[in-house]
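# Remarks on the overall topology
Spelled out, the chains give:
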Amino acid sequence: MKKLTTVLIAAGLLASASACSAPQLTTEETCDRVGVAVASLPSNASKTATTRVANAIRPIEPVASEDMKPVVKAILEYSDELVKEEPADAKAKSEREDKMTELAAAYQEAGTKYGELCRG
């Protein structure tokens, strides 16, 4: 059992080390990967669909091109907040609404930047 645990830990360390040294994607490659992930999102996306798309985009963030990093980050932050449960407390609701307004603006800017970099 100790050997198996040691092997699994070593494999995990190797996998995480290789992920850290993964080459940075070009803007075109980042656009392609984000485009594939986002294409599966239906127009009236449920929380589950939004979570799936965010989880598909999450591994792209660390290797995204420098131009696309803010775009990917904005998409993930907005998606993560969007799927959270609505707070019951009035103050927390107000704070969440403010945060969603801010994230929605960043998300729209990211969409514009995505259009410029990926379709432009």
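Notes on the structure in this doc start here. Everything numeric here is computed off the predicted structure, so don't read it as measured data.

A word on helix α4 (residues 69-82). The end-to-end C-alpha separation of α4 is 20 Å, in line with the 20 Å expected for 14 residues at 1.5 Å each. Of the surrounding secondary structure, the elements contacted by the buried residues of α4 are α2 (27-39), α3 (47-57) and α5 (90-119).

Our focus in this paragraph is the pattern of salt bridges. All told, the structure shown has seven salt bridges when counted by the stated rule. Residues K84 and E81 are paired through a salt bridge, measuring 3.1 Å at the closest nitrogen-oxygen approach. By relative accessible area, which is 43% here, K84 ends up partly exposed. By relative accessible area, which is 6% here, E81 ends up buried. When salt bridges that share partners are traced, they join E81, K84, E86, R96 and K99 into one network.

This paragraph deals with the packing of aromatic side chains. Evaluation of the coordinates by the stated rule reveals one aromatic pair. Between the aromatic rings of Y78 and Y107, the centroid separation amounts to 4.3 Å while the plane-to-plane angle is 25 degrees, which identifies the pairing as stacked. Taken together, the residues Y78 in helix α4 and Y107 in helix α5 connect sequence positions 29 residues apart. A relative accessible area of 33% means that Y107 is categorised as partly exposed.

Time to look at the environment of A37. Topologically, A37 is positioned in helix α2. Judged by its relative accessible area of 8%, A37 is buried. Once the C-alpha coordinates of A37 and A54 are considered, the two residues, 17 residues apart in sequence, prove to be 8.1 Å apart. When sequence neighbours within four positions are dropped, the list of residues in contact with A37 reads V53, A56 and I57.

Right, let's talk about the state of the cysteines for a bit. This structure, assessed with the given rule, holds one disulfide. Across the disulfide from C31 sits C118; the S-S distance is 1.8 Å. Its S-S torsion of about -75 degrees marks the bond between C31 and C118 as left-handed, since a negative value means left-handed. With C31 in helix α2 and C118 in helix α5, this residue pair connects regions lying 87 residues apart in the sequence. Residue C31 is classed as buried on the basis of its relative accessible area of 6%.

Rules and cut-offs
Residues numbered from 1 in each chain as written. Predicted model: local features only at pLDDT ≥ 70, side-chain atom pairs only at ≥ 80, totals over all residues. Heavy atoms only, no water. Helix = DSSP H or I, 4+ residues; strand = E, 2+ residues; numbered from the N terminus. Expected span 1.5 Å × (residues − 1). Contact = heavy atoms within 4.5 Å. Salt bridge = Lys/Arg side-chain N within 4 Å of Asp/Glu carboxyl O. Buried < 20%, exposed > 50% of the residue type's maximum accessible area, 1.4 Å probe, protein only. Phe/Tyr/Trp six-rings, centres within 6.5 Å; stacked < 30°, edge-to-face > 60°. Disulfide = S-S within 2.5 Å.

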